[in-house]
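Analysis of the macromolecular model
These are the residues of each chain, in order.
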Amino acid sequence: MNDTTPRAGAKDFKPYVAADRVLPEFTLKAVVAGAFFGVLFGAATVYLALKAGLTVSASIPIAVIAISLGRKVLKTNILENNIIQTAGSAGESIAAGVVFTLPGFLFLSTNPATGQSVGAGYFNYLTLFLLSLVGGVLGVLMMIPLRRSLIVKEHGQLQYPEGAACASVLIAGDKGGDFAKTAFQGVGLALVYAILQKVFHVIAESPAWVTRQANKWLPSATVNGEITPEYLGVGYIIGPRIGGVLVAGGVLAWLGLIPLLAVLVPPDAIAEQLVKLGMMRDLATAGGPGGWDPAAHAFANVPNAIYRAYIRQIGAGAVAAGGFITLVKTLPTIWSSLRDSIRSLKGSRAGDRAVARTERDLSFVTVIVGSVGLVVVLTLLPIVPGRTLLNKFFIALLVIVFGFIFVTVSSRIVGLIGSSSNPISGMTIATLMATAMVFVGLSWTGSAYEPMALVVGGMVCIAAANAGATSQDLKTGFLVGATPRLQQLSLFVGAVFASLVIGLTVQLLDKPTAEQAAQGIVHAIGSEKFPAPQATLMATLIKGLLSLNLDWTFVLVGVFLSVTMELCGVKSLSFAVGAYLPLSTTLPIFAGGALKGVVDWLAQRRGEKVEESELGGGSLFATGLVAGGALMGVIVALLQVNDGVDRFFATRLNLQPALTRMLGASGYELLGVGFFALLGLALFRAGRKSRVSLD
């Protein structure tokens, strides 16, 4: 880091821009640019989180872009660039919270009268927009009184690593550093690759090797991968350790459990389980996951049928246990967070109001009025789940209470270990369990109350995710010398604009393609294209807690898988997510992580400095791959909503049939693997380039 991030306490700290120096800050061009990037990265995060259940922090990429555009196009100063990244980062964090929970409306218990989920009626744009906005605003509101306690007073103890890295980027940019070129190269290459893959289909989307059911040694085993630039980039960013644990869960599921179950469980029993789960109508009807043939009593795709019937429930139990274990391990941090926050609120007096520009926050009155306003909105609007006004008022109070608790917890945790390690899933699971216990105590049981429980969990998840990002932004502002009040205003602006587009993106991605509609698929979310693993898990937990229809046998297998991993010293949550997701998702992510491991190993062997995780050339290039690949995925998905465009893509631009005739099916898939290898080579070369200096 640079000399502006000392380990000393706040009293002796001097920000990069002195408190008595006044520069343009909350300007129209900075706010508009920040809102634009919030919308952009919010949409990309929705796409990536629905596909892989993973997100990548947007703060540093936006800071990188801001210093480049600011210097060459917008003519902005460092404080305006800070506003750009502050407003922009809200989009990514809110999108993550939304996608991890609110698609769960589609996976709640089925209404016998309609044949759809009891929450399907709430999965509309207005409800998604409102809940996104309420959760995002709540995360910012609760951080206003906590800023001085956590960001300022504990400057020497809570480092907020992403916030400090962002400050380093902005300061280096102000001094003339050039970070953006490498990131933009990654974006450009990812866009070209994604066009070849998703539009022209020159590159196979998911090359696969599947053994036959009759294979003597390993029946119905599957090795496949969605060879996309965003997965490769994500893997490089998270590194070989997490990537290896993630793919280990997939290896166990697809090369261990599925072949074992394929031998032990007859096809009719698998089909009966799929009927029980509502994925098939009955044993006499063809179709469903795996392609059931009632005449032959067999599946066309046995691995997929077993995955849907058993593995996803085992994975759900593993993820729930992993999230809960992670939360329990942070209990000391939770306790200290609550204790210190209460002390800081008691110690705040009117006479303590800051005079210096760098100490001006929005008033505590804003927090009170805003919280009351959120309660009123959740209580009175008919688009919010709830059978009566009293029901709605009660869940609004639960949102405020649990929101304050876990916003505090989230802020302190990211200060210690960074946003990427923030156990948001664990906090959401804990919220759902506590909410369910309250509901059961009030005799609010049954499927009718499931959407209400999901609202509480969803709002707290969004608020905690946004609070973690907000904390990093406020730390960045503290280091560079920003005005906190203006940062907080920009966070509200970012939350509003991001919420406008997040719900729209979710709804558009949920629309099935013509091919999916022909298969009887009503919602693309929940299908193989967008599995939405966290949201499915949250819905599964709610159903199990309130409707008592959970297959506890399979869930407990997953629970003890996570316990076993923890006893072996492995972080169970990453392993559990890998067991839940298809191997096609985790394998290319592991490839990116392995590349990062090779780059670091070569650097150490040659006595070079290992690149910093967020600021090295390889990581910036990988960030570009994630942004470019995810954005092209969103664009193509939005274009395919129109049936005419979808047919044009399928008939006029699709080169897959011609390439398959020329190369054969295996040759076509190998061609895709070759393109993916070339993409990996480009990432490797970027990682091996000279390190970006922060001095």
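The following paragraphs examine the structure supplied in this document. Keep in mind that this is a model prediction, so the values were computed, not measured.

Scoring rules and cut-offs
Residues numbered from 1 in each chain as written. Predicted model: local features only at pLDDT ≥ 70, side-chain atom pairs only at ≥ 80, totals over all residues. Heavy atoms only, no water. Helix = DSSP H or I, 4+ residues; strand = E, 2+ residues; numbered from the N terminus. Buried < 20%, exposed > 50% of the residue type's maximum accessible area, 1.4 Å probe, protein only. Contact = heavy atoms within 4.5 Å. Areas by Shrake-Rupley, 256 points an atom, 1.4 Å probe, with all protein chains shown as cover. Axes fitted to C-alpha atoms, helices over the stretch in contact; angles between N-to-C directions. Parallel < 35°, antiparallel > 145°, perpendicular 65-115°, else oblique. Left-handed = near helix turned anticlockwise from the far one by under 90°. Patch = residues over 30% accessible without salt bridge, like charges linked within 9 Å, V, L, I, M, F, W, Y side chains within 5 Å. Salt bridge = Lys/Arg side-chain N within 4 Å of Asp/Glu carboxyl O. Lys, Arg positive; Asp, Glu negative; His and termini not counted. Charge placed at Lys NZ, Arg CZ, Asp CG, Glu CD. Core = buried A, V, L, I, M, F, W, Y, C linked by side-chain atoms within 4.5 Å. Phe/Tyr/Trp six-rings, centres within 6.5 Å; stacked < 30°, edge-to-face > 60°. Expected span 1.5 Å × (residues − 1).

Quick look at the overall build of the chain now. Along the chain, the regular secondary structure elements total 24 helices and 4 strands. Going through the 695 residues of the chain one by one, you find that 58% of them count as buried. Considering only contacts within the chain whose residues lie at least 6 apart along the sequence, 81% involve residues at least 24 apart. By element, 65% of the accessible surface of the chain is carried by carbon and sulfur atoms, the whole surface being about 27300 Å².

In this section: the packing of helix α3 (residues 78-101) against helix α16 (residues 484-510). Where α3 meets α16, the closest approach of the two axes is 7 Å, and the angle between their N-to-C directions is 40°. Relative to α16, α3 is oriented oblique. Between α3 and α16 lies a crossing whose hand is right-handed. Mapping the contact onto sequence places N82, I83, T86, A87, A90, G91, I94, A95, V98 and V99 in α3 and L486, Q487, S490, L491, G494, A495, A498, S499, I502 and V506 in α16.

With that out of the way, let us pick up a positive patch on the surface. A contiguous patch of positive charge, built from R71, K72, K181, R685 and K689, is present on the exposed surface. By the secondary structure assignment, K181 is in helix α7 (residues 180-199). On the basis of relative accessible area, K181 is assigned to the exposed category, the value being 56%.

This part is about the side chain of S411. With respect to the element layout, S411 can be found in helix α13 (residues 389-417). The contacts of S411, once residues within four sequence positions are left out, are M143, L150, Y160 and S471.

Here we come to unusual backbone geometry. For H297, which is not a glycine, the phi torsion comes out positive at approximately 55°. Assignment of secondary structure puts H297 in the loop between β3 (292-293) and β4 (298-299). Given the relative accessible area of 41%, H297 is considered partly exposed.

Moving on, we come to the environment of G477. Note on placement: G477 falls in helix α15 (residues 450-480). Here the alpha-carbon distance between G477 and G163, two residues 314 residues apart in the chain, equals 8.3 Å.

Burial of nonpolar side chains together is a common tendency in soluble globular proteins. Among the nonpolar cores identified, the biggest contains 132 residues, and F439 and I502 are the most heavily contacted of them. Here this core takes 17 residues from α15, the largest share from any one element. Setting aside its immediate chain neighbours within four residues, F439 contacts I395, L398, W444, Y449, M452, A453 and L546. Listed in part, the 23 residues of the second largest apolar core include V265, A271, V302 and Y310.

Once that is clear, we can look at the packing of aromatic side chains. This structure, assessed with the given rule, holds 11 aromatic pairs. With a centroid separation of 5.8 Å and 75° between ring planes, the pair formed by Y47 and F530 is classed as edge-to-face. Here F530 lies in the loop between α17 (514-518) and α18 (533-546) and Y47 lies in helix α1 (residues 28-52), a separation of 483 residues in the sequence. Exposure remark for Y47: the relative accessible area of 4% places this residue in the buried category. In this structure an aromatic cluster arises from ring pairing among F394, F439, W444 and Y449.

Looking at where F41 falls in the secondary structure, it is placed in helix α1. Taking relative accessible area as the criterion, F41 reaches 11% and is therefore assigned buried. C-alpha of F41 to C-alpha of G88: the two residues are 47 residues apart in sequence and 7.7 Å apart in space. In contact with F41, other than residues within four places in its own chain, are A58, P61, I62, I65, E92 and A627.

What follows is about α16. With 27 residues, α16 ought to run about 39 Å at 1.5 Å a step, and its terminal C-alpha atoms sit 38 Å apart, in line with that. Counting buried residues along α16, 19 of its 27 residues qualify, which places the element largely inside the surrounding structure.

This paragraph deals with the pattern of salt bridges. In the structure shown here, the tally under the stated rule is 3 salt bridges. E25 is the partner of R357 in a salt bridge, and the nearest nitrogen-oxygen pair spans 3.8 Å. With R357 in the loop between α11 (331-347) and α12 (364-380) and E25 in the segment before α1, the pair connects residues that are 332 residues apart, well separated along the chain. Judged by its relative accessible area of 9%, R357 is buried. Residue R147 pairs with D361 through a salt bridge whose shortest N-O separation is 2.6 Å. Pair noted here: R147 is in helix α5 (residues 147-152) and D361 is in the loop between α11 and α12, with a separation of 214 residues, a long-range link. Considered together, R147 and D361 belong to a single accessibility category, that of buried residues.

What follows concerns a nonpolar patch on the surface. The grouping of F364, V365, I368, V369, V372, V376, L380 and L389 at the surface amounts to a nonpolar patch, some 760 Å² of accessible area in total. The element that contributes the greatest number of residues to the nonpolar patch is α12, accounting for 7 residues. Relative to the elements of secondary structure, I368 occurs in helix α12.

The subject of this paragraph is the environment of E528. Within the secondary structure, E528 is located in the loop between α17 and α18. Given a relative accessible area of 53%, E528 falls into the exposed group. C-alpha separation for the pair E528 and K51, spaced 477 residues apart in sequence, amounts to 8.5 Å. Among residues more than four places away in sequence, those in contact with E528 are N304 and R308.

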